[in-house]
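Okay, here's what each chain looks like letter by letter:
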Amino acid sequence: MRKYNKKGEIVVSNTNLFLDPRVIDLVNTYLTSNTDPETIVTHHLPPEELRSKIDLTLAEQGCSLDDLYVAIEQYLSFSVRTGHRQFFNQLWSGFTLPGFLGELFASLANTSMYTYEVAPVATLMEKELINKLGGICGFENPEGLFVTGGSNGNLQAMMIARNRALPRMKSEGFQDPSGLIAFVSEEAHYSFEKSTNVLGLGSNNLRKIKTDAEGRMIPKELAMAVEQGLQQGKQPFFVGATAGTTVKGAFDPLEEIAAIAKQHNLWFHVDGALGGTVILSPRHRSLLEGLDKADSFAWNAHKLMGLPLVCSILLVREKGHLLKTNSVTGADYIFHDDAFGSHDLGTMSMQCGRRVDALKLWLSWKYYGDIGYAERIDRFFELAAFAEEIVNRTPSLELMAPRSSVNICFRYLPNTSKDLNHFNLYLREELARTGKALVNYARLRENVTIRLVIANHELTREDVSLFFDNLIQTAESLDR
Ligand SMILES: Cc1ncc(COP(=O)(O)O)c(C=O)c1O
């Protein structure tokens, strides 16, 4: 019930914080200022300077609600505006309203995904999403879970594969040097290397396969590397293809990789953290042809589907693997052998407590439908093509890799004889320093390349043009 003070203001406590109009004001002000062209993307301050602008101290005595709001305002004001339409730094940007509501209401109901008993609706939603995604991917009898991110999805896929290759691994641990070797492309995400560390395989046993100019794994090179491994007495057990590489946005040829995996009985995993969403677009899904032959698929809905982080799925083609890999003894205090128990998802999860990340995806999908998401992906591709066009028609810009999807890799070519890498790093830094845009860079071979990523659903052609106008103007002012 609302309580009022003598001045007629709502009295706010922890349990009715949302009755305070200031909360909604904070959200609205933040979101509307994201769209104001005068708002900078980032303050880009070094830690010492930032520390001097905000109060980070934690005192013995708590603070007032007013002070709490000041702290929240400071947090928002000095955080990078990742929903700003000049934020291109990561493989995601902004979020949709249903996604935000899902995040909010998941926290409000605050449950955990381990048992059906404590998360009945969320469990059914998660299963619905797994079946829906499985159907789209062409998996007949899928299973899956929301995981803590693409890295975790890749790790768990490799873990299933390791335990399949070494059936006594789970209970006995490594008996002898295993000789297991895994394969990914040289442009695959670094989480595969981390996984070989976590899983006790050793990073030298991850063989990185050469890619073509577009950044796609070369199947012939994979076949040769597998043969070479066999000749060395190793045991090839896993191949991870990438659908949407981190830097170039390239799609490995899944059909051809699937054939090699089948020939050598390798677990065939597809890392679709970035590009997995493309499967929702009838126009572009041919990029993922062969996905139906994958044993597992990692997918980050928080990248191109406009959901607040984290929203990530590991999908497995056949039921049973997740439970076999993650089941343990001594958990009957939580997983009960009763009518509800058989619906528990926690028995096949690596985590115990697990957030309800399914809600935001379910709400979003409900709202936009298959068609809404297909249109979203198609729009991203159109905008990416538009950005590529600008690069191609501007003499001072150079495309650094053929564009496959939503990543555009390019650099600026100064008139003066400046070091190209140094100049482009400086240019990118200058855009960040002035807060005009935040865009990331990577090295392709030895060359610094600016990586523009089209991932924000609010983005327009004008925003893309503005980015290039600002970049060129800044570059010209530096090129003297
Ligand atoms: C291709 C690819 N795989 C995996 C990941 C890791 O995903 P996460 O950051 O959710 O762990 C990324 C992250 O950008 C990625 O680009």
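Above this text is the structure in question.
Counting starts from 1 at the beginning of each chain's written sequence and moves along it residue by residue. Local features are withheld for residues below a pLDDT of 70 in this predicted model, meaning they are given only at 70 or higher, and side-chain atom pairs are given and counted only at 80 or more; totals for whole chains, interfaces and linings count all residues.

### Examining the site of the ligand
Cut-off, in case you're wondering: As a rule, any residue with its backbone-derived C-beta atom within 6 Å of a molecule or strand is reported as near that molecule or strand. Basically, the charged four are Asp, Glu, Lys and Arg, the nonpolar ten are Ala, Val, Leu, Ile, Met, Phe, Trp, Tyr, Cys and Pro, and anything else, Gly included, counts as polar.
Near the ligand, the surroundings consist of 15 residues, among which Gly149, Gly150, Ser151, His189 and Ala273 are the closest. A per-class count over the shell around the ligand returns three nonpolar, 11 polar and one charged.

### Topic: the sheet that holds strand β12 (residues 447-453)
Applied cut-off: In this analysis, strands are considered paired if DSSP registers two or more bridges between them. Helix and strand assignments follow DSSP, with helices taken as H or I runs no shorter than four residues and strands as E runs no shorter than two, numbered in order from the N terminus.
Strand order in the open sheet made by the five strands is β1-β11-β12-β10-β9, with mixed pairing throughout. Strands at the two margins of the open sheet, each flanked by one partner only, are β1 (87-88) and β9 (397-399). Summarising the sheet, strand β10 (residues 407-412) and β12 pair through four bridges and their orientation is antiparallel. Note that in β12 the partner of Ile408 across the bridge is Leu452.

### A short note on helix α14 (residues 420-433)
Let me state the cut-off plainly: Take the residue count of a helix, subtract one, and multiply by 1.5 Å to get its expected span. Counting other C-beta atoms within 10 Å of its own, a residue is labelled buried from 20 upward, exposed at 12 or fewer, and partly exposed in the gap between, with every C-beta atom placed from the backbone. The directions considered for the arc are those from the helix axis to the C-beta atoms. The contact criterion used here is simple: two residues whose C-beta atoms, placed from the backbone, lie within 7 Å are in contact.
Over its 14 residues, α14 extends 20 Å from the first C-alpha to the last, a length consistent with the 20 Å expected when each residue adds 1.5 Å. Within α14, burial applies to Asn424, Leu427, Arg428, Leu431 and Ala432. Viewed end-on, α14 has its buried residues packed into an arc of 135°, placing them on one side of the element. Exposed side chains of α14 directed beyond 90 degrees from the buried face belong to His422 and Glu429. Along its buried surface, α14 packs onto β10, β11 (438-444), β12 and α15 (461-478).

### Quick word on the packing of α14 against α15
The condition is simple: To get an axis, fit a line to the C-alpha atoms, keeping to the stretch in contact for a helix; angles then go from 0 to 180 degrees between the N-to-C directions. Working rule for angles: under 35 degrees goes down as roughly parallel, over 145 as roughly antiparallel, 65 to 115 as roughly perpendicular, anything else as oblique. The handedness criterion is simple: a crossing whose near helix is rotated anticlockwise from the far helix by less than a right angle is left-handed, and one whose near helix is rotated clockwise is right-handed.
In the contact formed by α14 and α15, the axes pass within 10 Å of each other and the chain directions differ by 120°. Looking at the two axes, α14 sits oblique to α15. Every pair of crossing elements has a handedness; the one defined by α14 and α15 is right-handed. Taking contact as the criterion, the partners of Tyr426, Leu427, Glu430 and Leu431 in α14 are, on α15, Asn470, Leu471, Thr474, Ala475 and Leu478. Taken together, the residues of the contact of α14 with α15 break down into six nonpolar, two polar and one charged.

### Here's the deal with the environment of Phe386
With respect to the secondary-structure elements, Phe386 resides in helix α13 (residues 358-393). Residue class for Phe386 comes out partly exposed when judged on the 15 C-beta atoms lying within 10 Å of it. Along the primary structure Phe386 and Ser465 are separated by 79 residues, whereas in three dimensions their C-alpha atoms are 9.0 Å apart.

### Brief notes about the sheet that holds strand β7 (residues 296-300)
Two pairing modes exist for strands in a sheet, parallel and antiparallel, and in both the strands are linked by backbone hydrogen bonds. Read from one edge of the open sheet, seven strands run β2-β8-β7-β6-β5-β3-β4, paired in mixed fashion. Since the sheet does not close on itself, it has two edges, and those belong to β2 (143-147) and β4 (206-209), each with one partner. In this sheet, adjacent strand axes meet at a mean angle of 20° when their direction is disregarded. In this sheet, β7 lies alongside strand β6 (residues 267-272) in parallel orientation, the contact comprising four bridges. By the bridge assignment for β7, Val270 is matched with Phe297. Most of the contacts of helix α5 (residues 120-137) go to strand β8 (residues 312-316), to which it runs at about 60°, and overall it touches β2, β7 and β8. The sheet strands contacting helix α9 (residues 219-231) are β3 (180-185), β4 and β5 (235-242), and the helix crosses β4 at an angle near 150°.

### Structural notes on helix α8 (residues 191-198)
Within α8 the residues assigned to the buried category are Ser191, Phe192, Ser195 and Thr196. Buried residues of α8 fall within an arc of 145° about the axis and therefore sit on the same side. As for α8, its buried residues are in contact with α6 (150-165), β3, β4 and β5. In the stretch just after α8, Gly200 is the one whose phi turns positive, near 75°.

### Quick notes on unusual backbone geometry
Omega for the bond connecting Leu309 with Val310 falls within 30 degrees of zero, at -5°, which places this linkage in the cis form. For Val310, the position within the fold is in the loop between α11 (301-304) and β8. The phi dihedral of Arg445 falls on the positive side, at around 55°, and the residue is not glycine. Turning to its location among the elements, Arg445 is positioned in the loop between β11 and β12. Exposure remark for Arg445: the 6 C-beta atoms within 10 Å place this residue in the exposed category.

### Overview of the nonpolar core
Heads up, the condition is: What we call a nonpolar core is a set of buried Ala, Val, Leu, Ile, Met, Phe, Trp, Tyr and Cys residues whose membership is set by joining through C-beta atoms within 7 Å.
Core analysis: the biggest nonpolar cluster contains 120 residues, and Ala182, Val239, Ile257, Leu315, Ala358, Ala387 and Ile454 have the highest contact counts within it. Excluding residues within four positions of it along the chain, Ala182 makes contact with Met158, Thr196, Leu201, Asn205, Leu206, Phe237, Phe238 and Gly240.

### Quick look at the pairing of β8
Sheet faces and side chains relate simply in a regular strand, where the side chains alternate between the two faces. The element β8 is largely enclosed, with a buried count of five among its five residues. Residues Ser312, Leu314 and Val316 line one face of β8 and the alternating positions Ile313 and Leu315 line the opposite face, and both faces are buried. Where β7 meets β8, five bridges bridge the pair, whose relative direction is antiparallel. Residue pairing for β8: Ser296 is matched across the bridge by Val316.

### So, the packing of α9 against helix α10 (residues 254-263)
For the pair α9 and α10, interaxial distance at closest approach is 10 Å and the crossing angle is 15°. Compared by their axis directions, α9 and α10 come out roughly parallel. As for the relative orientation of α9 and α10, their crossing is right-handed in sense. Across the interface between the two elements, Pro219, Leu222, Ala223 and Val226 of α9 pack against Glu256, Ile257 and Ile260 of α10. For the contact of α9 with α10, the class distribution of residues is six nonpolar, no polar and one charged.

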